Amino acid sequence: MAIVGLTMVRVAQVDPLTQAIVPKEKSALGTDILEIDERFFGTKTANITGIEGSVTKTFGNNVQMDAMVGGAAPAIALDINNLGFDISQGLIGRVSDGKGGYDTIGSKPHFAVSVESQTVDRKESVFFNFGNGVFTAPTQNIGTDTENQTREDDNLTFTALSTNAFKNKEPYKNYYTGEEGFDMAHMYEETFGGYKLETGSVTPPEQGGDGK
């Protein structure tokens, strides 16, 4: 099935051990679930790799007899247009020193991520969800302005880890709103560390909402 566009990326901080959602009062995001919306000029791309592992072939009697597929090791390369500086630093585990500087303290915080796209007719949403993982920002390109502005977006890599709430503790799970019995509240609870979605807060995609 073809999908079109990138509707929304959602992020929530989770506890590294229990994978329960971190309350907004303690979250580096300042909220329970952060939607990367128009405040941040949205997300350009969320390229997902490693959904399935590599294939190892088994040969016998001069022919291919079997194939073994390795475990999934998903990662997302995110190109976000304009995150707030404090949020971008919080995602990679750097905190303010209260004097304008940002320091790395302890181990990296863990996050859950949901990437939403749509079907070709834009009537249904397809979600690619990761309940546990860490962000890195290994490079920063800086270039001079010429006649035109040279802009460097927020380029982050999310590395997914095992998620307790997913079957067999897989690091990845997808959801489809067109599936009979789809339950948005259940998806949020599984993906975002037990988060309870408020009743009536979800607008179906076919009615013009983005699944919030």
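That block above? That's the structure.
Please read all numbers here as calculations on a predicted model, not as lab measurements. (Residues numbered from 1 in each chain as written. Predicted model: local features only at pLDDT ≥ 70, side-chain atom pairs only at ≥ 80, totals over all residues. Heavy atoms only, no water.)

1. Brief notes about the environment of isoleucine 105
Under the convention used in this document: Numbering goes from the N terminus for both helices and strands, where a helix is a DSSP run of H or I of at least four residues and a strand is a run of E of at least two. Three labels apply to residues, based on accessible area from a 1.4 Å probe with only protein chains included: buried if under 20% of the type maximum, exposed if over 50%, partly exposed otherwise in between. Any pair of residues with heavy atoms lying within 4.5 Å of one another is described as a contacting pair.
Looking at the secondary structure, you find isoleucine 105 in the loop between strand 8 (102-104) and strand 9 (110-119). Relative accessible area serves as the criterion here: at 55%, isoleucine 105 is assigned to the exposed category. Counting along the chain gives 29 residues from isoleucine 105 to valine 134, while the straight-line C-alpha distance between them is 15 Å. Dropping the residues within four chain positions of it, isoleucine 105 is found in contact with Gly93 and Val95.

2. Comments concerning the sheet that holds strand 3 (residues 43-49)
This is how the line gets drawn: Pairing between strands requires that DSSP locate at least two bridges from one strand to the other. Here the axes come from fitting lines to C-alpha atoms, over the contacting stretch only for helices, and the angles between their N-to-C directions go from 0 to 180 degrees.
On the basis of which strands lie adjacent, the open sheet formed by four strands has the order 3-6-12-11 and antiparallel pairing. Whereas interior strands pair on both sides, the edge strands pair on one side only; in this sheet they are strand 3 and strand 11 (133-136). Here the strands of the sheet are splayed against their neighbours by 20 degrees on average, with no regard to which way each runs. Bridge count between strand 3 and strand 6 (residues 75-80): six bridges; the pairing is antiparallel. When the bridges of strand 6 are listed, isoleucine 48 appears paired with isoleucine 76.

3. Looking at the pattern of salt bridges
What counts is decided by this rule: Only one rule defines a salt bridge in this text: a Lys or Arg side-chain nitrogen within 4 Å of an Asp or Glu carboxyl oxygen.
Evaluated as defined, the whole model comprises six salt bridges. The salt bridge involving arginine 10 is made with glutamate 35; its shortest N-O contact spans 2.9 Å. Remark: glutamate 35 occurs in strand 2 (residues 34-35) and arginine 10 occurs in strand 1 (residues 3-14); sequence separation between them is 25 residues. A relative accessible area of 12% means that glutamate 35 is categorised as buried. With a shortest N-O distance of 2.9 Å, glutamate 190 and lysine 173 are connected by a salt bridge. With a gap of 17 residues between them, glutamate 190 in helix 2 (residues 184-191) and lysine 173 in strand 13 (residues 173-176) connect regions that are remote in the sequence.

4. Side note on the nonpolar core
Put simply, the test is: Put simply, buried Ala, Val, Leu, Ile, Met, Phe, Trp, Tyr and Cys residues joined by side-chain atoms within 4.5 Å make one nonpolar core.
Among the nonpolar cores identified, the biggest contains 25 residues, and Val11, Ile76, Leu91, Val113, Phe135 and Phe158 are the most heavily contacted of them. If you list the elements that add at least two residues to this core, you get strand 1, strand 6, helix 1 (85-91), strand 9, strand 10 (125-130) and strand 12 (154-160). Counting 14 residues, the second largest nonpolar core, distinct from the first, contains Phe127, Met187, Tyr188 and Leu197.

5. Considerations on the pairing of strand 4 (residues 55-60)
With zero of six residues buried, strand 4 lies mostly on the surface of the structure. Pairing of strand 4 with strand 5 (residues 63-69) involves six bridges; the strand directions are antiparallel. Bridge pairing in strand 5 places glycine 60 opposite valine 63. Hairpin geometry of strand 4 and strand 5 is characterised by an intervening segment of two residues between the two adjacent antiparallel strands and by a positive phi of about 55 degrees at asparagine 61.

6. Some details on the side chain of serine 117
For clarity, the threshold we go by: N or O atoms closer than or at 3.5 Å make up a polar contact, with two conditions inside protein: a donor-capable atom paired with an acceptor-capable one, and, for residues adjacent in sequence, both atoms drawn from side chains.
Within the secondary structure, serine 117 is located in strand 9. According to the relative accessible area criterion, serine 117 is buried, its value standing at 4%. A polar contact is formed between the side chain of serine 117 and the backbone oxygen of valine 4, at a distance of 3.1 Å. A polar atom in the side chain of serine 117 sits 2.6 Å from the backbone oxygen of glycine 5. With near-sequence residues (within four places) excluded, serine 117 lies in contact with Ile3, Val4, Gly5, Thr7, Glu124, Ser125 and Val126.

7. Brief notes about empty space enclosed by the protein
Inclusion rule: For cavity detection a 1 Å grid was placed over the protein atoms alone, and a set of points counts as a cavity when a 1.4 Å probe fits there but cannot get out; an open set counts as a pocket when protein lies on both sides within 12 Å along at least five of seven lines, with lining residues being those that have an atom within 4 Å of a point. Grid points are joined across faces, edges and corners, and a volume is the space filled by probe spheres set on the points. Any residue that is not Ala, Val, Leu, Ile, Met, Phe, Trp, Tyr, Cys, Pro, Asp, Glu, Lys or Arg is counted as polar, Gly included; the first ten are nonpolar and the last four charged.
Within this structure, the stated rule accounts for one cavity of 30 Å³ or more. The space that makes up the largest cavity amounts to roughly 30 Å³. Forming the boundary of the largest cavity are Val11, Leu34, Ile36, Leu78, Ile80, Leu83, Leu91 and Phe135. Its residues assigned to classes, the lining of the largest cavity shows eight nonpolar, no polar and no charged.

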